[in-house]
Amino acid sequence: IRGCQDVPGFEAVAKGEKVDVEYVTPGIVKMVAGILSTCPSIRAILLECTELPPYSDALRKEFDLPVFDVITCADFFISSRKDNPRFG
C-alpha cells in the first residue's frame, strides 16, 4: 500500500481542487515503477482511491499488468449479477 501524496500535482486532491491528470500521470507511473522494482513479484495493481482511475490505462500500458480500480471493480460486480444471454 502506497500513498500518492508525494506525487507532484496530486496534492490537489487534499486541497479539494481539480487534478491535472496529464501533469500527474508521469509521477504516478514513476511511483509504481519504483514499487515494482523493489517488489518484482507483484502481478496486479489495485488502485483503491476514487481519484485514481484516470491513471489505470497508463499503468496497464507501461507495465503490462492487470490494473483494478473502482470502475473495473464495479463493472465486475455488476456483470456478476447480469444474466448471460449465451447461457441463460
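Predicted, not measured: the structure shown is a model, and the values here were computed from it.

Description of the overall build of the protein
Tallying secondary structure elements over the protein gives four helices and two strands in all. N-terminal to C-terminal, the α/β element order of the protein is α-α-β-α-β-α. Referenced to the eigenvectors of the C-alpha coordinate spread, the extents of the protein come out at roughly 50 × 35 × 20 Å. A buried classification covers 28% of the 88 residues belonging to the protein. Within the protein, counting contacts between residues at least 6 apart in sequence, those at least 24 apart form 41% of the total. Here the protein displays about 6,700 Å² of accessible surface, and carbon together with sulfur accounts for 57% of that area. Distance between charge centroids for the protein: 6 Å, based on 10 positive and 13 negative side chains.

Comments concerning the layout of surface pockets
Looking at the largest pocket, its volume works out to about 510 Å³. Lining of the largest pocket is provided by 19 residues; of these, Ile1, Arg2, Ile35, Leu46 and Leu47 occupy positions nearest its centre. Of all elements in the fold, only α2 (21–38) and β1 (45–46) reach the threshold of two or more residues within the lining of the largest pocket. With five residues, the top contributor of residues to the lining of the largest pocket is α2.

A closer look at the packing of α2 against helix α3 (residues 56–63)
Two elements in contact, α2 and α3, have axes whose closest approach is 10 Å; the angle formed by their N-to-C orientations is 45°. The angle between the axes of α2 and α3 places the two elements in the oblique class. Considering the relative orientation of α2 and α3, their crossing is right-handed. For the pair α2 and α3, the contacting residues are Thr25, Ile28, Val29, Val32, Ala33 and Leu36 in the first and Ala58, Leu59, Glu62 and Phe63 in the second. Of the residues in the contact of α2 with α3, the class split is eight nonpolar, one polar and one charged.

As for helix α4 (residues 70–81)
Taking 1.5 Å of rise per residue, twelve residues should cover 16 Å, and α4 covers 17 Å from first to last C-alpha, within 8% of that figure. Taking the backbone nitrogen of Ile71 as reference, a side-chain oxygen 2.8 Å away marks Asp69 as the first, capping residue of α4.

Each value, and the rule that gives it
Position labels on residues start from 1 in each chain and follow its written sequence. Reporting of local features is limited, given that this is a predicted model, to residues whose pLDDT is at least 70; pairs of side-chain atoms are given and counted only at 80 or more, and all residues count toward the totals for whole chains, interfaces and linings. The basis for every side-chain value is the complete set of heavy atoms in the structure, and neither hydrogens nor water enter the calculation. Every helix listed is a DSSP run of H or I at least four residues long, and every strand listed is a run of E at least two residues long, numbered separately from the N terminus. Exposure is judged per residue with a 1.4 Å probe applied to protein chains only, and the accessible area is read against the type maximum: over 50% gives exposed, under 20% gives buried, and values in between give partly exposed. The contact criterion used is simple: two residues touch if any of their non-hydrogen atoms lie within 4.5 Å. All accessibility values rest on the Shrake-Rupley procedure with a 1.4 Å probe; residue burial counts only the protein chains present in the view. Charge counting treats Lys and Arg as positive and Asp and Glu as negative, with His and both chain ends excluded. Every charge is mapped to an atom, namely NZ of Lys, CZ of Arg, CG of Asp or CD of Glu. Grid points spaced at 1 Å and placed over the protein atoms alone form the basis of the search, with a cavity being a set where a 1.4 Å probe fits but cannot get out and a pocket an open set showing protein on both sides within 12 Å along at least five of seven lines. Lining residues have an atom within 4 Å of a point. Grid points are joined across faces, edges and corners, and a volume is the space filled by probe spheres set on the points. Only C-alpha atoms enter the line fits that serve as axes; for helices the fit covers just the stretch in contact. Angles between N-to-C directions range over 0 to 180 degrees. Throughout, the term roughly parallel applies to angles under 35 degrees, roughly antiparallel to angles over 145, roughly perpendicular to angles from 65 to 115, and oblique to all others. Two helices that cross are described as forming a left-handed crossing if the nearer one is turned anticlockwise from the farther one by less than a right angle, and a right-handed crossing if clockwise. When residues are sorted by character, Ala, Val, Leu, Ile, Met, Phe, Trp, Tyr, Cys and Pro go into the nonpolar class, Asp, Glu, Lys and Arg into the charged class, and all the rest, Gly among them, into the polar class. Here the expected length of a helix is defined as 1.5 Å per residue gap, with one fewer gap than residues. N or O atoms within 3.5 Å of each other form a polar contact, as long as, within protein, one can give a hydrogen and the other can take it, and as long as residues adjacent in sequence are counted only when both atoms are side-chain atoms.

Purely geometric stuff here, so don't read any function into it on its own.
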